[in-house]
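Residue-level listing of the chains:
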Amino acid sequence: HTLTKPIFSRNEATAIQMVFIRNILSGLILIITYFIFFFPVNFSIFFDPNNLSFFLVMGAVYGSGLVCWYKTLSYLDVSKATTLFAPTPIASAIFATLILGEYFSIAHLLGTILIIISIIVIVNQKQESNIQ
């Protein structure tokens, strides 16, 4: 993401163009990997209507999330934008525990603490650099 921020600053690409480029490259890597390891087996999964609808819905959800992320990057510094999205794993773990009944382990707790400390450090660094 730190590589895309200068591209946005120079108006060389829009958020939608970056999402398109990123998804095309990611898709090619995934498809090539699939063909290398699983080509003769299960080739029909690409043509199953249930899978096609799933591919389209997941692509739209993922793509719209990336467009929002890149739009955020075009307006904010990378560190500030990252602090906005950093609590996402914490929220996911909490919702998985409360709604899905997943076990909240010590590793989850340590990860939560690490993320919170990282956010505090980034915010404090930004405040100190603004003061000076």
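Look a little higher up for the structure.
Residues numbered from 1 in each chain as written. Predicted model: local features only at pLDDT ≥ 70, side-chain atom pairs only at ≥ 80, totals over all residues. Heavy atoms only, no water.

K.L.:
Honestly, the overall build of the protein chain in this entry has me stumped. Any pointers?
P.N.:
A tally of regular secondary structure across the protein chain gives 6 helices and 0 strands. Reading the secondary structure of the protein chain in the N-to-C direction produces α-α-α-α-α-α. Since a compact globule built from 132 residues should have a radius of gyration of about 14 Å, the 19 Å found for the protein chain marks it as more spread out than a globular shape. For the protein chain, the C-alpha atoms occupy an extent of roughly 60 × 45 × 25 Å along the three principal directions. (Helix = DSSP H or I, 4+ residues; strand = E, 2+ residues; numbered from the N terminus. Rg over C-alpha atoms; globule rule 2.2 N^0.38 Å.)

K.L.:
What exactly am I supposed to notice about the layout of surface pockets here?
P.N.:
If a probe as big as a water molecule is rolled over the atoms, it shows which places are left empty. The calculated volume of the largest pocket comes to roughly 640 Å³. Lining the largest pocket are 18 residues, and of these Asn23, Gly27, Leu30, Ile31 and Phe55 lie nearest its centre. Secondary structure elements with two or more residues in the lining of the largest pocket: helix H2 (15-38) and helix H3 (49-75). Tallying contributions element by element places H2 first for the lining of the largest pocket, with 10 residues. Of the residues assigned to the lining of the largest pocket, the class counts are 14 nonpolar, 4 polar and no charged. (1 Å grid on protein atoms, 1.4 Å probe; cavity = no way out; pocket = protein on both sides within 12 Å on 5 of 7 lines; lining within 4 Å. Points joined across faces, edges and corners; volume = space filled by probe spheres on them. Nonpolar A, V, L, I, M, F, W, Y, C, P; charged D, E, K, R; others polar.)

K.L.:
Please explain the nonpolar core as it appears in this structure.
P.N.:
If you look at soluble globular proteins, the nonpolar side chains tend to sit buried side by side. Core analysis: the largest hydrophobic core is formed by 11 residues, namely Phe8, Ala13, Ala15, Met18, Val19, Leu66, Trp69, Tyr70, Leu73, Val78 and Ala81. At the level of elements, H2, H3 and helix H4 (78-85) are the ones that each hand at least two residues to this core. (Core = buried A, V, L, I, M, F, W, Y, C linked by side-chain atoms within 4.5 Å. Buried < 20%, exposed > 50% of the residue type's maximum accessible area, 1.4 Å probe, protein only.)

K.L.:
Explain the packing of H2 against H3 to me, please; I cannot follow it from the model alone.
P.N.:
Helix-helix packing is described using two parameters, namely the angle between the two axes and the distance between the axes. Where H2 meets H3, the closest approach of the two axes is 9 Å, and the angle between their N-to-C directions is 130 degrees. For the element pair H2 / H3, the angle class is oblique. Note on packing geometry: the crossing formed by H2 with H3 is right-handed. Contacts between H2 and H3 pair Ala15, Ile16, Met18, Val19, Arg22 and Asn23 from the former with Tyr62, Gly63, Leu66, Val67, Tyr70 and Lys71 from the latter. Of the residues in the contact of H2 with H3, the class split is 8 nonpolar, 2 polar and 2 charged. (Axes fitted to C-alpha atoms, helices over the stretch in contact; angles between N-to-C directions. Parallel < 35°, antiparallel > 145°, perpendicular 65-115°, else oblique. Left-handed = near helix turned anticlockwise from the far one by under 90°. Contact = heavy atoms within 4.5 Å.)

K.L.:
In this structure, what is going on with the side chain of serine 105? I would like to understand it.
P.N.:
For serine 105, the location among the structural elements is in the loop between helix H5 (88-98) and helix H6 (106-131). Taking relative accessible area as the criterion, serine 105 reaches 18% and is therefore assigned buried. There is a polar contact of 3.3 Å between the side chain of serine 105 and the backbone nitrogen of alanine 107. (Polar contact = N/O pair within 3.5 Å; in protein donor to acceptor, adjacent residues only side chain to side chain.)

K.L.:
Can you walk me through unusual backbone geometry in this structure?
P.N.:
Note: most residues except glycine have negative phi, and most peptide bonds are trans. Residue asparagine 11 is not a glycine yet carries a positive backbone phi of 55 degrees. Mapped onto the elements of the fold, asparagine 11 is located in the loop between helix H1 (4-9) and H2.

K.L.:
Looking at this structure, how should I read the pattern of salt bridges?
P.N.:
Between side chains of opposite charge, a pair can form when the charged atoms approach closely. Counted under the stated rule, the structure contains 1 salt bridge. Among the ionic pairs, arginine 10 bridges to glutamate 12, the shortest N-O distance being 2.8 Å. (Salt bridge = Lys/Arg side-chain N within 4 Å of Asp/Glu carboxyl O.)

K.L.:
I'm lost on the environment of glycine 59 in this one. Help?
P.N.:
Looking at where glycine 59 falls in the secondary structure, it is placed in helix H3. Under the relative-accessibility criterion, glycine 59 is labelled partly exposed at 36%. Once the C-alpha coordinates of glycine 59 and asparagine 23 are considered, the two residues, 36 residues apart in sequence, prove to be 8.7 Å apart.

K.L.:
What is the right way to look at a nonpolar patch on the surface in this model?
P.N.:
On the surface, a nonpolar cluster with roughly 960 Å² of combined accessible area is contributed by Phe20, Ile21, Ile24, Leu25, Leu28, Ile32, Ile36, Phe37 and Phe38. For leucine 28, the position within the fold is in helix H2. (Patch = residues over 30% accessible without salt bridge, like charges linked within 9 Å, V, L, I, M, F, W, Y side chains within 5 Å. Areas by Shrake-Rupley, 256 points an atom, 1.4 Å probe, with all protein chains shown as cover.)

Geometric values such as these leave the question of function open.
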